[in-house]
Amino acid sequence: MDRTVADTIRELTRRHIADHNGVVVGQCLSAVGWVQNTVPAQTEGVVELPMTDIAGSGFAVGLALAGRRPVLVIRFQSFLWLNASPIVNYAAKSKEMFGYPCPLLVRAIASEGGGTGPVHSHAYHSMFMHMPGLPVCAPMTPGEYEQVWERYLSHDDPLLVSEHRASYKNNRELPDIVRDDAVVTLYAVGPARFTAEQAVADLADRGIVCNLIHLVWLKPFAPSPAQLDPLRATGRGLVVDATYETCGAARSLAYDLSQATGRMVAAMGLEERSPGASPHLDNLTPSAERIAARIEALLR
Amino acid sequence: MSDPSSPDRTPDLGAIAGLAEAEAASQSLELFRRMAVARAFDEHVRRAQMAGEVRTLVYLGVGQEAVAAGLSMGAEGSWVLGQHRGHALYLSFGGRIERVIDELLGMPSGCCGGMGGSPPIHDFERGIVGHNGLIGDQVPVAVGMAMGGTNRPVVTVFGDGAAEEDYVLTSLGTAASRRLPILFVCEDNDLSVLTPTRDRRTWKLAEVARGFGMEAVDIADDPWLVAHWTTALMDRLPAVINVRTCREYWHVGTGSDGPGEWNRYEMVKSRLAAMGLGDESRRIEREAAQMVEARWTERLQIRSAS
Ligand SMILES: Cc1ncc(C[n+]2csc(CCOP(=O)(O)OP(=O)(O)O)c2C)c(N)n1
Ligand SMILES: [Mg+2]
């Protein structure tokens, strides 16, 4: 299958506009490649915003109340620090506070490396997981993105979709790896799923067998038996996510997994420092080497 | 949408006849020197990036250097807060050149230790304050500095895109309401990344500023005109200058979509020649290029030695 994540998002959006009177809203959508080719190249249903990073998400909330099922494109997750309030304080609280829904899909795009620097690097889904009323997910494959979209259309919640540019060219699904002889279970989120795959392969070469469970839904987090049983069997787990550890997704998920199984689960994220724009100062998604080293340390 | 970019996007917008000719030759040549240094610098950055010496993202201001040059002539001694496309502003206001070269080279001696590349360059001791990369964020910070009563006026420079940010508009309103000592300068290249103004809005910044109760002018980037209005308005702050200018290279990086609508740099050189300052301007241009080359060579040697 050649269809990439970017193709999938673009086609889902095109259909959303055509079939559901949907609308996609954001800055600089039409110029420079339609957001890495994830937005359909058309004027219908595409709202080009001025540079407005606080009112912009307010506009999206209003479009949601008007029944347009908007898709709000945030081109770097750093802009979420500005756009957050209408999302968490209106859209996410709307049902509880006013009794009417405010369905809004936020496409929050994370990037890293290549000089993105201290402000514009990384994903900030952890801070949104903190707030009630807002489901959070991080799809990295075409099939996962379709499921997320289906969820959006079949429910009336707002949704924070933590995307990563590293996934846009991906055309593979990422199946879990579960083996009877595994000694540890690795849970991976977002772009760390790609490095975790590599880490599992590298460790296997060294005779250390790991399970790998891919996590797409971060909140609500309701792990299935198929996701929990491998941890029960290995007795030890590690959650990896490319966000900061303190109050971060990896620790939160590790706690839930541990509570559900009674097993020890560790968490791993970014190094605790801002990334620099120069390559030697970067702070990237935990690499296969870092993940493997952490697993070896857990096993010692 | 109606098009706010026409018919105002002309190189003569707001022109005042005889302004350049009335200026002392030494001042005109200093004005040009600042333009020449900024241009030589950014042309060098472009080559250095293409050669792989500079590996971080760079935001080049070639074509726009008259704005910073003119502004710096009229606002010396101010706090200066610009945004990502700020090399010319930094150099024109006396930022130390080695600190910005080192930053672009990712060296610990860079003004941000290599953390930031182009956007956050600063020389705080010289009044040049860093930008975090969230566009327009510097404008409310500048208003806060103006509230702080440091006995120094504040100049903040932002783009036509940044002008649309919620917090930029409310900064104008707050400065007007409190009569703060701040000059807002919009470097209006008609582009937000690659989206032209006409696809984003119909309003004009100068009219909005007047609505808030501030003096405002909308002019082209003739550097004598920019200097003239800066000097005049520094006595009547708060105020807004919207300057129409042309970016020659891409939003980020080294590519080009062809020449801008006008070439201010060449226009200034022709004007100097017509004023009998052709030889001096050529010498200044040569010296600027030599200085920039020499400083880059020196810094690269230091980097490779470390
Ligand atoms: C708050 C915020 N929103 C969006 C961006 C993405 N972005 C970076 S530069 C830019 C365009 C800025 O246009 P303008 O202010 O006119 O400056 P110019 O690049 O033209 O010099 C945009 C949209 C950003 N960096 N920060
Ligand atoms: Mg602009």
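The structure this text deals with has already been given above.
A brief report on the enclosed structure follows. Remember, predicted model here, so these are calculated numbers, not experimental data. (Residues numbered from 1 in each chain as written. Chains lettered and ligands numbered in written order. Predicted model: local features only at pLDDT ≥ 70, side-chain atom pairs only at ≥ 80, totals over all residues. Heavy atoms only, no water.)

Observations regarding the sheet that holds strand β1 (residues 23-27) of chain A
Backbone-to-backbone hydrogen bonds join strands into a sheet, with any given pair of strands oriented parallel or antiparallel.
Residue and element names in this part refer to chain A.
Thinking step 1. Ordered by their spatial adjacency, seven strands build an open sheet running β2-β1-β3-β4-β6-β5-β9, and the pairing between neighbours is mixed. Two strands close off the open sheet at either side, each with one partner strand: β2 (46-49) and β9 (217-219).
Thinking step 2. In this structure, β1 lies alongside strand β3 (residues 70-74), joined through four bridges in parallel fashion. By the bridge assignment for β3, V24 is matched with V71.
Thinking step 3. The strands that helix α1 (residues 5-20) touches are β1, β2, β3, β4 (105-110) and β6 (159-164); relative to β1, the one it contacts most, it runs at about 125°. (Pairing = 2+ DSSP bridges. Helix = DSSP H or I, 4+ residues; strand = E, 2+ residues; numbered from the N terminus. Contact = heavy atoms within 4.5 Å. Axes fitted to C-alpha atoms, helices over the stretch in contact; angles between N-to-C directions.)

Observations regarding the interface of chain A and chain B
How big an interface is tends to be stated in terms of accessible area lost as the parts join.
Thinking step 1. Across the contact, 29 residues belong to chain A and 26 residues belong to chain B.
Thinking step 2. Our enumeration of links across chain A and chain B arrives at zero salt bridges.
Thinking step 3. Joining chain A to chain B, the criterion identifies eleven residue pairs in polar contact (both at pLDDT 80 or more).
Thinking step 4. Going through the elements one at a time, α2 (31-37) and α6 (117-120) of chain A are the ones with two or more residues in the side of chain A that touches chain B.
Thinking step 5. In terms of residues, the side of chain A that touches chain B owes the most to one element, α6 of chain A, which gives four residues.
Thinking step 6. The class makeup of the residues in the side of chain A that touches chain B is 15 nonpolar, twelve polar and two charged. (Salt bridge = Lys/Arg side-chain N within 4 Å of Asp/Glu carboxyl O. Polar contact = N/O pair within 3.5 Å; in protein donor to acceptor, adjacent residues only side chain to side chain. Nonpolar A, V, L, I, M, F, W, Y, C, P; charged D, E, K, R; others polar.)

Some thoughts on the site of ligand 1
Thinking step 1. Around ligand 1, 23 residues are found, and the nearest of them are D53 of chain A together with H84, R85, G161 and N189 of chain B.
Thinking step 2. Neighbouring residues of ligand 1 are distributed over chains A and B.
Thinking step 3. Residue G133 of chain B places a main-chain N or O atom 3.1 Å away from a nitrogen atom belonging to ligand 1.
Thinking step 4. Coverage of ligand 1 by the protein amounts to 94% of the 580 Å² it exposes when considered alone.
Thinking step 5. Of the residues assigned to the shell around ligand 1, the class counts are nine nonpolar, ten polar and four charged. (Near = heavy atom within 4 Å. Areas by Shrake-Rupley, 256 points an atom, 1.4 Å probe, with all protein chains shown as cover.)

Overview of the coordination of the magnesium ion (ligand 2)
Residues and elements named next belong to chain B.
Thinking step 1. Every protein donor of the magnesium ion (ligand 2) is accounted for by D160 (OD), N189 (OD1) and L191 (O), and the metal-donor separations fall at 2.1 to 2.2 Å.
Thinking step 2. Each donor residue of the magnesium ion (ligand 2) belongs to the same chain, and together they define the spacing D-x28-N-x1-L.
Thinking step 3. With relative accessibility at 24%, the residue L191 sits in the partly exposed group. (Donors = N, O, S within 2.8 Å, 3.2 Å for Na, K, Ca; no water. Buried < 20%, exposed > 50% of the residue type's maximum accessible area, 1.4 Å probe, protein only.)

A short note on unusual backbone geometry
Thinking step 1. In this structure, P220 of chain A follows K219 of chain A across a cis peptide bond, with omega equal to -10°.
Thinking step 2. With an omega dihedral of 0°, the bond running from L237 of chain B to P238 of chain B counts as a cis peptide bond.
Thinking step 3. Looking at the element boundaries, P238 of chain B is found in the loop between α9 (223-234) and β8 (239-244).
Thinking step 4. Even without being glycine, N151 of chain B reaches a positive phi, approximately 60°.

Re the packing of helix α3 (residues 55-65) of chain A against helix α4 (residues 80-91) of chain A
Residue and element names in this part refer to chain A.
Thinking step 1. Interaxial distance between α3 and α4 falls to 7 Å at its minimum, and their mutual angle equals 30°. Classified by the interaxial angle, the pair formed by α3 and α4 is roughly parallel. Along the contact surface, α3 presents G56, S57, G58, V61 and L65, while α4 presents N83, P86, I87, Y90 and A91. (Parallel < 35°, antiparallel > 145°, perpendicular 65-115°, else oblique.)

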